[in-house]
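Residue-level structural notes
Spelled out from the first residue to the last, the chains are:
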Amino acid sequence: SRGILGVVDHFPSSSFYSDCFLNAWRSADPLKYAFTGPGTTPITLTYRAFDTVVISAMAADIIDKMGLLEDNIVPAQLWADTIRNITFDGLSGIVKFRENGDRIGTHDIINYTPEAGWNPVGIWSAETGYEVTEDVIWHDNTTNIPDLDIRDPFKYWSCHNKKEGYDPTGKRVTLDTPDGSDIDDIDIDYHCDHFIDCKNLSDESYDCAENFTVLFIVFGVIIGILVFVAI
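The structure contained in this document is the topic of the report that follows. This one's a predicted model, so the numbers in the text were calculated from it and none came from an experiment.

Moving on to the side chain of H191. Counting through the fold element by element, H191 comes out in the loop between β9 (185-187) and α4 (202-205). Residue classification places H191 among the buried positions, given a relative accessible area of 14%. Among the polar contacts made by the side chain of H191, one reaches the main-chain carbonyl oxygen of Y206 at a distance of 2.7 Å. Among residues more than four places away in sequence, those in contact with H191 are W157, D203, E204, Y206, D207 and C208.

A separate point is the sheet that holds β9. Taken together, the 3 strands give an open sheet; going across it, the order is β8-β7-β9, and neighbouring strands pair in antiparallel fashion. Looking at strand neighbours, the two that pair on one side only are β8 (163-167) and β9, the edges of this open sheet. Across this sheet, the average inter-strand angle for adjacent strands is 40 degrees, counted without regard to direction. As paired strands, strand β7 (residues 154-158) and β8 are joined by 5 bridges and run antiparallel to one another. If you follow W157 over to β8, its bridge partner there is E164.

Here the focus is the pairing of strand β4 (residues 106-113). The side chains of a regular strand alternate, first on one face of the sheet and then on the other. In this structure, strand β1 (residues 5-9) lies alongside β4, joined through 5 bridges in antiparallel fashion. In the sheet register, D9 faces β4, and the bridge partner there is H107. Where β4 and strand β5 (residues 117-125) come together, 8 bridges link them in antiparallel fashion. For N111, the partnering residue across the bridge sits in β5 and is N119. In textbook terms, the turn of a hairpin is the stretch between consecutive antiparallel strands, and for β4 and β5 this stretch comprises 3 residues.

With that out of the way, let us pick up unusual backbone geometry. The phi angle at L201 is positive, at roughly 65 degrees, despite the residue not being glycine. Mapped onto the fold, L201 is located in the loop between β9 and α4. Given the relative accessible area of 19%, L201 is considered buried. We note that D207 has phi near 60 degrees; this positive angle belongs to a residue other than glycine. One can find D207 in the loop between α4 and α5 (212-230).

For the coordinates displayed, the defined rule picks out 2 disulfides. The residue that forms a disulfide with C159 is C198, at a sulfur-sulfur distance of 1.9 Å. Where C159 bonds to C198 through sulfur, the torsion about that S-S bond is close to -60 degrees, and the disulfide is left-handed. With C159 in the loop between β7 and β8 and C198 in the loop between β9 and α4, the pair connects residues that are 39 residues apart, well separated along the chain. Residues C159 and C198 agree in their burial class; the two are buried.

Let's shift gears to the side chain of D185. Among the structural elements, D185 can be located in strand β9. One buried charged side chain, D185, makes no salt bridge at all; its nearest oppositely charged neighbour is K163, positioned 10 Å away. Apart from the residues lying within four places of it in its own chain, the contact partners of D185 are Y156, W157, S158, V173, T174, L175 and D176.

A separate point is the nonpolar core. Counting 12 residues, the largest nonpolar core is built from Y17, F21, W25, Y47, V54, I55, A59, I86, F88, L91, V95 and F97. Listed by contribution, the elements that provide at least two residues to this core are α1 (18-27) and α2 (45-65). Considering every element that reaches this core, the biggest residue donor is α2, with 4 residues. Beyond its immediate chain neighbours, meaning those up to four positions away, F88 contacts Y17, D51, V54, I55, M58, G93, I94 and V95. Counting residues in hydrophobic clusters, the runner-up holds 5 residues, among them W157, I183, I186 and C198.

The rules we used
Residues numbered from 1 in each chain as written. Predicted model: local features only at pLDDT ≥ 70, side-chain atom pairs only at ≥ 80, totals over all residues. Heavy atoms only, no water. Helix = DSSP H or I, 4+ residues; strand = E, 2+ residues; numbered from the N terminus. Buried < 20%, exposed > 50% of the residue type's maximum accessible area, 1.4 Å probe, protein only. Polar contact = N/O pair within 3.5 Å; in protein donor to acceptor, adjacent residues only side chain to side chain. Contact = heavy atoms within 4.5 Å. Pairing = 2+ DSSP bridges. Axes fitted to C-alpha atoms, helices over the stretch in contact; angles between N-to-C directions. Disulfide = S-S within 2.5 Å. Lys, Arg positive; Asp, Glu negative; His and termini not counted. Salt bridge = Lys/Arg side-chain N within 4 Å of Asp/Glu carboxyl O. Core = buried A, V, L, I, M, F, W, Y, C linked by side-chain atoms within 4.5 Å.

Right under this line is the structure:
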């Protein structure tokens, strides 16, 4: 599990409302409001609830100043448009919306190690991109970025070396196609397939049940004898 990365919502350590909210939380009567009181710390879920109330109050204030709040039914679209145009620094971070109503969020990138647990290593937002705050500790307990280009290993035939090879990484050897001008490493399926692919005939002459080199020699000898007899 060492080196695993995760993503969680980002909550700033402080904001415009932090002190006010924390003082109110710790001053509340725990008999009336569960989990509050002296020495307690609110969970981050309450930050979003607080920001929801704040932005609702801001929207109501804007609509009220337009003279549309009293003795009128405010259209839902007006509420939506008003809220989407509000931006403020809330407990849960900068509250800002896209045109479709989605909030533009900010996220922490967290990294797990058995010794320290989950630790923030970066911050990402759609507006500012990714910001590195700490180096990631990977599965080998170093900060060396692992090779994520994982490929299947494969066997191949080397025309030049006249022998079978094996690439455990799947990317060190580049396979040539038989129609190339000077091919070397070809797929192992071309070896002993009764078709000549290597210019030196090695793919049909080494470790094959039928040796094409010997076959050509024998064939040449027979043709020579036949020509001699015919003369």
